[in-house]
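Listed here are the chains, written in short residue letters.
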Amino acid sequence: MKIAVLGAGAMGCLYGGLLAEGDNEVWLIDIWKEHVEKINKEGLKIQDKCGERIIKNINATIYPNKVGVVDLILVFVKSSSTDKALEGAKGIIGENTIILTLQNGLGNIEKIASVVAEKNIIAGTTAHGSTLLDLGKIVHAGKGLTVLGEINGKITDRVKKLKELFFESGIETIITDNVLGVIWDKLMVNVGINAITAITELRNGELLDFNEAEELLENAVREAQEVAKAKGVRLISENPVDHTKKICRLTANNKSSMLQDIINNRRTEIDMINGAIVKEGSKLDINTPINLVLTNLIKIKERRYERM
Ligand code: NAD
């Protein structure tokens, strides 16, 4: 299959690399020239528990139009860049191109649908973890399940084929008939962990060592749960607060992606996580004061380093 990965950062390189190892024609598309040049010159380096391997049968470019129409686009830019990235890659989208988003946060489907027909979009979540170590080099930090689903909940042949494609590349995948519930479930976890760790600079597991942090986590997730309920979202986990705490324990040593963004002076996905809860809540007349405070504190941090 001819596949383009839009956003060749930590996750784009991981999925792109695995799909190239599965013998697909993979094009990594990114705006980061030095990173793209390094991959084209030396191959993509992936580190994991077994050591380091170099993937050579992979292409990288900063010019999407050079790629031509593809069968599948994996969107792996940060949620704040989704619409801009898609707009720049219109030339690779054909009538039957599938656009798959496994990004975190709310609003990616809508942003993609502002550029392509909604029928071309498949969504999902990933429990893999990856970190960019250097130009052209990532570490596969943790393995987990990929969940895929049609937005309308139908179990179609194309989603089954996608699962098969991922399986052949060693990406453990399941199909869901409730992809919005799956996305909201992951959103709850990010709502409870990301902003609080980014503000306090605690690792995920350490959140539970401080009563004050734990209380904030509980209240942020409860607010999000109330919004989800009012929107009629069928959540997967029965108790999102307990589920979020379980993820804190399972990923105890991890620095959340938002904490890493803050440490590296990068823009965060706050608008699509806690900010999205505030936005959706206000549409439904639901107050979400904890999420508002967390959103504003992260925005202050972002604006401070923009001024530096
Ligand atoms: P990242 O910052 O490492 O990579 C994003 C890449 O997109 C960068 O290389 C950037 O140069 C590129 N980019 C920005 N604008 C672009 C544009 N207009 N066109 C093309 N490329 C552009 O981010 P990441 O950690 O790989 O995360 C990607 C998504 O996956 C996010 O939604 C994140 O929340 C989610 N996610 C990440 C992890 C993880 O472990 N890293 C795990 C699960 C989900």
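Above: the structure in question.
Residue positions within a chain follow its written sequence, with the count starting from 1. A pLDDT threshold of at least 70 governs which residues receive local features in this predicted model, and a stricter bar of 80 or more applies before side-chain atom pairs are shown or counted, although totals over entire chains, interfaces and linings include all residues. The side-chain quantities take in all heavy atoms of the structure and omit both hydrogens and water.

*Asks:* Could you give an account of the site of the ligand, with specific residues and numbers?
*Replies:* Nearness here has a simple test: a residue counts as near a molecule or strand if at least one of its heavy atoms is within 4 Å of that partner. Around the ligand there are 22 residues in total, and Met11, Asp30, Asn104, Ser130 and Glu269 lie nearest to it. Under the rule applied, a polar contact is a pair of N or O atoms within 3.5 Å (in protein, one hydrogen donor and one hydrogen acceptor; residues adjacent in sequence only if both atoms are side-chain atoms). Lys78 places a side-chain nitrogen or oxygen 3.3 Å from an oxygen atom of the ligand. Here an oxygen atom of the ligand and a backbone polar atom of Ser130 are 2.9 Å apart. Within the complex, 84% of the 830 Å² of free accessible area of the ligand lies under protein. Side-chain classes follow a simple rule in which Ala, Val, Leu, Ile, Met, Phe, Trp, Tyr, Cys and Pro form the nonpolar group, Asp, Glu, Lys and Arg form the charged group, and the remainder, Gly included, forms the polar group. Broken down by class, the residue content of the shell around the ligand amounts to eight nonpolar, ten polar and four charged. All accessible areas in this document rest on Shrake-Rupley with a 1.4 Å probe, and a residue is counted as covered only by the protein chains that are shown.

*Asks:* So what about the sheet that holds strand S10 (residues 137-142)? Which residues, and what values?
*Replies:* For two strands to be treated as a pair, DSSP must find at least two bridges joining them. Labels follow the DSSP assignment, with helices taken as runs of H or I lasting at least four residues and strands as runs of E lasting at least two, numbered in each case from the N terminus. Reading across from one edge, S4-S3-S10-S9 is the order of the four strands in this open sheet, with mixed pairing throughout. Only two strands of the sheet have a single neighbouring strand rather than two, namely strand S4 (51-55) and strand S9 (129-134). Ignoring which end each strand starts from, the neighbouring axes of this sheet average 25° apart. Pairing between S9 and S10: five bridges, direction antiparallel. Residue pairing in the sheet places Thr131 in a bridge with Val139 of S10. Here the axes come from fitting lines to C-alpha atoms, over the contacting stretch only for helices, and the angles between their N-to-C directions go from 0 to 180 degrees.

*Asks:* Could you give an account of the sheet that holds strand S6 (residues 70-75), with specific residues and numbers?
*Replies:* Pairing is mixed in the open sheet, where eight strands are placed in the order S5-S2-S1-S6-S7-S8-S11-S12. Edge positions in the sheet fall to strand S5 (59-61) and strand S12 (173-175), since each has one partner strand and no second. Each neighbouring strand pair of the sheet contributes to a mean axis angle of 25°, computed without reference to strand direction. As defined by bridge partners, strand S1 (residues 2-6) adjoins strand S2 (residues 25-29) across five bridges and the pair is classed as parallel. Within S2, the position partnered with Leu6 by the bridge is Ile29. We call two residues in contact when some of their heavy atoms are within 4.5 Å. Here helix H5 (residues 157-168) sits on the sheet in contact with S1, S6, strand S7 (93-101), strand S8 (121-126), strand S11 (146-150) and S12, set at roughly 160° to S11.

*Asks:* I'd like a rundown of the pattern of salt bridges, residues and numbers included.
*Replies:* We count a salt bridge whenever a side-chain nitrogen from Lys or Arg sits within 4 Å of a carboxyl oxygen from Asp or Glu. Under the defined criterion, the tally for this structure stands at 15 salt bridges. Among the salt bridges present, the one from Glu87 reaches Lys90, with a minimum N-O distance of 2.9 Å. On the accessibility criterion, Lys90 (43% relative accessible area) is partly exposed. Here Lys231 ties to Glu280 by a salt bridge, and the two come within 2.8 Å at their closest N and O atoms. Placement of Lys231 in helix H7 (residues 211-231) and of Glu280 in helix H10 (residues 274-283) is noted, with a sequence separation of 49 residues between them. Three exposure classes are used, based on accessible area relative to the maximum for each residue type with a 1.4 Å probe and protein chains only: buried under 20%, partly exposed in between, and exposed over 50%. Residue classification places Lys231 among the partly exposed residues on the basis of a relative accessible area of 40%. Given a relative accessible area of 13%, Glu280 falls into the buried group. Several salt bridges share partner residues, and in doing so they unite Glu21, Asp48 and Arg53 into one network.

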